[in-house]
Amino acid sequence: MKNKIKVYRAMNDLTQDQLASKLSVTRQTILAIEKGKYDPSLNLAFKIARFFKVTIEEIFTYAEPRE
Amino acid sequence: MYNVLYITPMKRNTFYVFAGIIALLEVGILWISIDMDNPLPIQIGFVVGIALVYLARRMIVDVIQDERTVLIAQKSALRTLEVFWVVFFLTSISGVIYGFNRPFMVRPHLPPQEPTIGIFGIFGLVQLALLCLMIFLYVGFRIYYARKYGEFDKDEE
């Protein structure tokens, strides 16, 4: 899954730590999502989209997992 | 709850210091247990210590657990269990064989000896019992979580 969290974070002038704090997750989780190493749950994906006031599709794009 | 237990919310680093102090205390209690030749102090101390650490962990104000850390913990616990139960079983069964071995068919019969169950036998039996308990506990948790996450739910149609 690809995502634009880093872009939205930059647009909102937020650090990973600040975003993590707002979403009640660890900074490493934000980092892992940004790097594509961890796909968030639907719940967290919605929380992220809602936080940036956009739809999920604007942030997350489905991509076939790499083998 | 904080007021009742007189434990205030703490930072992650404070928790680590607290856990370190508990560990040092455990070492002290272990020493007392050895000196007294009685395992009871360390048994009680260990249970109380672990309970305090678990309690303190819940008082941490920083976010230290989220869905990713839970997933990591779940996967590593499962992998550990998958490997460890085999090792545990082998150790236990070896202990039982050492403790209860008697000539039967393969070995030549020797003059009868006073049957004794060595410490290995007892240890092996206890370990086997614990292993069985662990498997029952695992199955119990599997059923609990399967039910919680809809494994046994039926379609309405």
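Relevant structure appears above.
Residues numbered from 1 in each chain as written. Chains lettered and ligands numbered in written order. Predicted model: local features only at pLDDT ≥ 70, side-chain atom pairs only at ≥ 80, totals over all residues. Heavy atoms only, no water.

## Some words on the overall build of chain B
In plain terms, the rule: Working definition: helices are DSSP H or I runs of at least four residues, strands are E runs of at least two. Numbering for both runs from the N terminus. Note on classification: 1.4 Å probe, protein chains only; a residue is buried when its accessible area is under 20% of the maximum for its type, exposed when over 50%, partly exposed between these limits. Residue-level accessible areas treat just the shown protein chains as cover; the underlying method is Shrake-Rupley with a 1.4 Å probe.
If you tally the helices and strands in chain B, you get five helices and zero strands. The proportion of buried residues among the 157 residues of chain B is 17%. Surface exposure of chain B reaches about 13,100 Å², of which carbon and sulfur atoms provide 69%.

## Some words on the nonpolar core
Using the following cut-off: Take the buried residues of types Ala, Val, Leu, Ile, Met, Phe, Trp, Tyr and Cys, join any two whose side-chain atoms come within 4.5 Å, and each joined set is a nonpolar core. In what follows, residue pairs with any heavy atoms lying within 4.5 Å of each other are defined as contacts.
Among the nonpolar cores identified, the biggest contains 20 residues, and A:I5, A:L19, A:I33, A:I48, A:F52, A:I59 and A:F60 are the most heavily contacted of them. When residues of this core are traced back to their parent elements, those giving at least two are α1 (5-11), α2 (16-23), α3 (27-34), α4 (42-51) and α5 (56-59) of chain A. Broken down by element, the residue count for this core peaks at four residues, all from α4(A). With near-sequence residues (within four places) excluded, A:F60 lies in contact with A:M1, A:K2, A:N3, A:I5, A:I33, A:P40, A:A45 and A:I48. Formed by seven residues, the second largest nonpolar core is a distinct cluster that contains B:M10, B:I22, B:A56 and B:M59.

## Brief notes about the interface of chain B and chain A
The condition that has to hold: Buried area is calculated as the accessible area (1.4 Å probe) missing from two parts once they are joined, with the contributions of both summed. The term polar contact refers here to a pair of N or O atoms within 3.5 Å; inside protein, the definition further demands a hydrogen-donor-capable atom paired with an acceptor-capable atom, and it admits residues adjacent in sequence only when both atoms are side-chain atoms. Gly counts as polar in this scheme, as do all residues outside two lists: the nonpolar Ala, Val, Leu, Ile, Met, Phe, Trp, Tyr, Cys and Pro, and the charged Asp, Glu, Lys and Arg.
Of the residues lining the interface, seven residues belong to chain B; the matching set on chain A comes to 10 residues. Carbon and sulfur atoms make up 55% of the area that chain B and chain A hide from each other, which totals about 680 Å². The interface formed by chain B and chain A holds five residue pairs in polar contact (both at pLDDT 80 or more) in total. Tallied by class, the residues present in the side of chain B that touches chain A amount to three nonpolar, one polar and three charged.

## Describing unusual backbone geometry
Outside of glycine, negative phi angles account for most residues, and trans bonds account for most peptide bonds. Notably, A:K53 is not glycine yet its phi reads approximately 60°, a positive angle. A:K53 gets classed as exposed once you look at its relative accessible area, which sits at 74%. Despite not being glycine, B:D37 has its phi angle at roughly 55°, a positive value. Within the secondary structure, B:D37 sits in the loop between α2 (12-36) and α3 (40-57).

## Quick notes on the pattern of salt bridges
For the record, the criterion: Salt bridge criterion: a side-chain nitrogen from Lys or Arg within 4 Å of a carboxyl oxygen from Asp or Glu.
Under the criterion given, the structure shown has two salt bridges over all chains. Across the pair A:R9 and A:E34 runs a salt bridge, and its minimum N-O distance is 2.5 Å. Note that A:R9 is positioned in helix α1 and A:E34 in helix α3, a separation of 25 residues in sequence. Across the pair, A:E34 and A:R9 agree in class, each one buried. Measuring nitrogen to oxygen at the nearest pair gives 3.1 Å for the salt bridge that ties B:R79 to B:E82.

By themselves, these are just geometric observations and shouldn't be taken as functional.
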